[in-house]
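Read off the chains here:
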Amino acid sequence: MKKEEMIKLSLLEAVRYIKKGEITARELLEATVKHIYSVNYNAILSLFEEDAFFVADKVDMAIAAKEPAGVLAGIPVIIKDNIDVAGYACTCGSGAFRANIAKVDADVVKKLKAAGAVILGKSNMDEFAMGSSNLTSAFGAVKNPFDMKRVPGGSSGGSACAVATHQCFFALGSDTGGSIRQPASYCGVVGLKPTHGSVSGAGCFPLAPSMDQIGPLTRTVGDCAAVFEVLALAERYDRYGSDFSDIRTAPMRVGVINESLPEIRGDVSAAFDAAVVTLKARGCEVREVSVPSFIAAHYIYKTVAFAEITQSMRTVGAGRELLGREVKKRVLAGKVVLDSPALLAAGLAARIKLAEEMVFALSEVDVIMLPTAPSVAFRLADDPSKREIKFSDMFTQPASIAGLPSLSVPFFKNAEGLPLGTQFVGKVFREKDIFAAGKLLMGEV
Ligand code: GLN
């Protein structure tokens, strides 16, 4: 197989070829590394080539000896740079953490290693995951794969871009208010924010722990489910089963949030309508549900997140003076919230109300469908006070606030060829439903 074809395989296809001995893990890694050096999106901050080739060779030896090699055998992965890989810098996209060397692997990295994945490097991100553009990274902006003058989204913009541009077969990101799903939408890839608490966060630098969640970015829904099966804490899935690699699609009840409809405009509206038509054609029932607090999500998110950010950032000692403006601004804003018990209490009460409304709406349907973002990727030079930029997480925040699983799939492209994601929100621990909906919409069987 040619190198150009190899890097374009899906993760599941690549594993199959490696296990059949048709390509080796070393060949796949060589092709990937060569490609990484040929592109220039600033998506990757560091590469661990020596260790990666060592692991690839180990996988090849295991396969030659007919020993079990793991479900992700020989698959190169890029990890967001707020997740620890032992022995390497974990910068969190910050000048303050340039020399922060991780001592132990994050739990998710341990799981990937045990599944035979090849940890290839770390991806660029907004500083301490605060942002929706990668413009706050101390290491420079990441470029959008479809238009170098646009942002990749954020904060997991490096991960989304690396997957879209075939610099890896999947990547890990973290999502607090939309940081996996929104860049997935802007870069045309699949992104999952799993149920809160379903994947260990140990070894990931906290932003707002009550909403933070690590998850995968991939090129297909099937790949996403396969990676999630590796990452998920199986004991949390006693009731529903932790087998995610065999998702069957079937017509389902899809809810659209009545109160979200006025916010769906332009290209986003064309994408949303097309998704409704496609799902109906595939046998789904699409009906309106009500989430009256939908529009408050942005403010609830800010109140809760900023208070938690101020607490998270207290652990940053030396190098504080190197923190960027966005980080400093949020720490100050969070202090205001923490110093005002009434404000914090109002934020938390509004959070519970929104969460209850989301859960009630989901009692009437199998999944809720929303756009992932209110626009295509914006331009690097755009005015950040524009509504679609300021509120770029308006559709992703409700699931975050409620701790619900949420999947963005790259269903649509506008007339300029820029991608737009469609988002499915499911019940707690029911990732199976959103994978099924995503597969159905994307026509993946
Ligand atoms: N854009 C949101 C923020 O800046 C989301 C961040 C995230 O999910 N990590 O807070």
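Here the structure is shown first, and the text comes after it.
Reading guide: rules and limits
Residues numbered from 1 in each chain as written. Predicted model: local features only at pLDDT ≥ 70, side-chain atom pairs only at ≥ 80, totals over all residues. Heavy atoms only, no water. 1 Å grid on protein atoms, 1.4 Å probe; cavity = no way out; pocket = protein on both sides within 12 Å on 5 of 7 lines; lining within 4 Å. Points joined across faces, edges and corners; volume = space filled by probe spheres on them. Nonpolar A, V, L, I, M, F, W, Y, C, P; charged D, E, K, R; others polar. Helix = DSSP H or I, 4+ residues; strand = E, 2+ residues; numbered from the N terminus. Axes fitted to C-alpha atoms, helices over the stretch in contact; angles between N-to-C directions. Parallel < 35°, antiparallel > 145°, perpendicular 65-115°, else oblique. Contact = heavy atoms within 4.5 Å. Near = heavy atom within 4 Å. Polar contact = N/O pair within 3.5 Å; in protein donor to acceptor, adjacent residues only side chain to side chain. Areas by Shrake-Rupley, 256 points an atom, 1.4 Å probe, with all protein chains shown as cover. Disulfide = S-S within 2.5 Å. Phe/Tyr/Trp six-rings, centres within 6.5 Å; stacked < 30°, edge-to-face > 60°. Buried < 20%, exposed > 50% of the residue type's maximum accessible area, 1.4 Å probe, protein only. Lys NZ or Arg CZ within 6 Å of the ring centre and 35° of its normal. Pairing = 2+ DSSP bridges.

Student: What's the story with the layout of surface pockets in this structure? I'm lost.
Tutor: Once rolled over the atoms, a probe with the size of a water molecule shows which space is left empty. What the largest pocket holds in volume is close to 880 Å³. As for the largest pocket, its lining consists of 31 residues, of which Gly131, Ser132, Glu326, Lys329 and Arg330 are closest to the centre. Looking at the lining of the largest pocket residue by residue, the classes come out as 10 nonpolar, 12 polar and nine charged. When its volume is computed, the second largest pocket comes out at roughly 290 Å³. Lining of the second largest pocket is provided by 16 residues; of these, Asp51, Val55, Lys58, Lys113 and Ala117 occupy positions nearest its centre. Counting residues per element, the ones that place at least two in the lining of the second largest pocket are helix H4 (49-64) and strand S3 (118-123).

Student: Can you help me understand the packing of helix H9 (residues 266-281) against helix H15 (residues 431-442) in this one?
Tutor: Angle between the axes and distance between the axes: these two values describe a pair of packed helices. With their axes 9 Å apart at the nearest point, H9 and H15 run at an angle of 95° to one another. If you check the angle between H9 and H15, you find them roughly perpendicular. Residues Ala275, Thr278 and Leu279 of H9 form the contact with H15, whose own contacting residues are Ala437, Leu440 and Leu441. Partitioning the contact of H9 with H15 into residue classes produces five nonpolar, one polar and no charged.

Student: Help me out: how do you make sense of the site of the ligand in this one?
Tutor: By nearness alone, 14 residues border the ligand, and Ser132, Ser179, Tyr301, Arg330 and Asp393 come closest of all. Contact distances for the ligand include 2.7 Å between an oxygen atom and a backbone N or O atom of threonine 176. Between an oxygen atom of the ligand and a side-chain N or O atom of arginine 330, the distance comes to 2.7 Å. For the ligand, whose free accessible area comes to 290 Å², the fraction covered by protein is 97%.

Student: Honestly, the side chain of serine 132 in this entry has me stumped. Any pointers?
Tutor: Topologically, serine 132 is positioned in the loop between S3 and helix H6 (157-164). In contact with serine 132, other than residues within four places in its own chain, are Asp126, Gly153, Gly154, Gln182, Tyr186, Phe378, Ser392 and Asp393.

Student: Teacher, can you tell me more about empty space enclosed by the protein here?
Tutor: By the definition in use, this model includes two cavities of 30 Å³ or more. Considered as a void within the structure, the largest cavity measures approximately 70 Å³ in volume. The wall of the largest cavity is formed by Asn82, Phe128, Ala129, Ser174, Asp175, Thr176, Cys204, Phe205, Pro206, Leu207, Asp212 and Gln213. Classifying every residue of the lining of the largest cavity gives six nonpolar, four polar and two charged. Roughly 30 Å³ of volume is contained in the second largest cavity.

Student: What exactly am I supposed to notice about the state of the cysteines here?
Tutor: In a disulfide, the sulfur atoms of two cysteines are covalently bonded to one another. Applying the stated criterion to the full structure yields zero disulfides. In this structure cysteine 92 is a free cysteine whose sulfur lies 4.4 Å from that of cysteine 90, the closest cysteine sulfur available. Its sulfur unpaired, cysteine 161 is 5.5 Å from the next cysteine sulfur, which belongs to cysteine 187.

Student: Sorry, what's going on with the packing of aromatic side chains here?
Tutor: How two aromatic rings sit relative to each other is given by the distance of their centres and the angle of their planes. For the structure shown, the criterion picks out 12 aromatic pairs. Between phenylalanine 48 and tyrosine 88, the ring centres sit 3.6 Å apart and the planes meet at 15°, which makes this aromatic pair stacked. Remark: tyrosine 88 occurs in the loop between strand S2 (76-80) and helix H5 (107-114) and phenylalanine 48 occurs in the loop between strand S1 (44-47) and H4; sequence separation between them is 40 residues. Under the relative-accessibility criterion, phenylalanine 48 is labelled buried at 4%. Overall, the relative accessible area of 23% leaves tyrosine 88 in the partly exposed class. A ring pair is formed by tyrosine 186 and phenylalanine 378, whose centres lie 5.9 Å apart and whose planes are at 85°; its orientation type is edge-to-face. With tyrosine 186 in helix H7 (residues 181-187) and phenylalanine 378 in the loop between strand S9 (367-371) and helix H13 (387-390), this pair connects stretches of sequence that are 192 residues apart. Given the relative accessible area of 1%, tyrosine 186 is considered buried. We classify phenylalanine 378 as buried; its relative accessible area is 8%. Every member of this aromatic cluster is reached through a ring pair, and the members are Phe228, Tyr237, Phe244, Phe429 and Phe435. Positioned over the ring face of phenylalanine 391 is arginine 387, at 4.7 Å from the centre of the ring.

Student: What am I meant to see in the sheet that holds S2 here?
Tutor: Strands belonging to one sheet form pairs held by backbone hydrogen bonds; the direction of such a pair is parallel or antiparallel. Here 11 strands make up an open sheet; going across it, the order is S1-S3-S2-S4-S6-S5-S10-S11-S9-S7-S8 and the pairing mixed. Because the sheet does not close on itself, it has two edges, and the strands there are S1 and strand S8 (285-289). The sheet shows a mean angle of 30° between the axes of neighbouring strands, direction not considered. Here three bridges tie S2 to strand S4 (residues 170-175), and the two strands are oriented parallel to one another. If you follow isoleucine 78 over to S4, its bridge partner there is alanine 171. H15 rests against strand S5 (190-193), S9, strand S10 (406-413) and strand S11 (419-425) of the sheet, and its axis sits at about 5° to S10.

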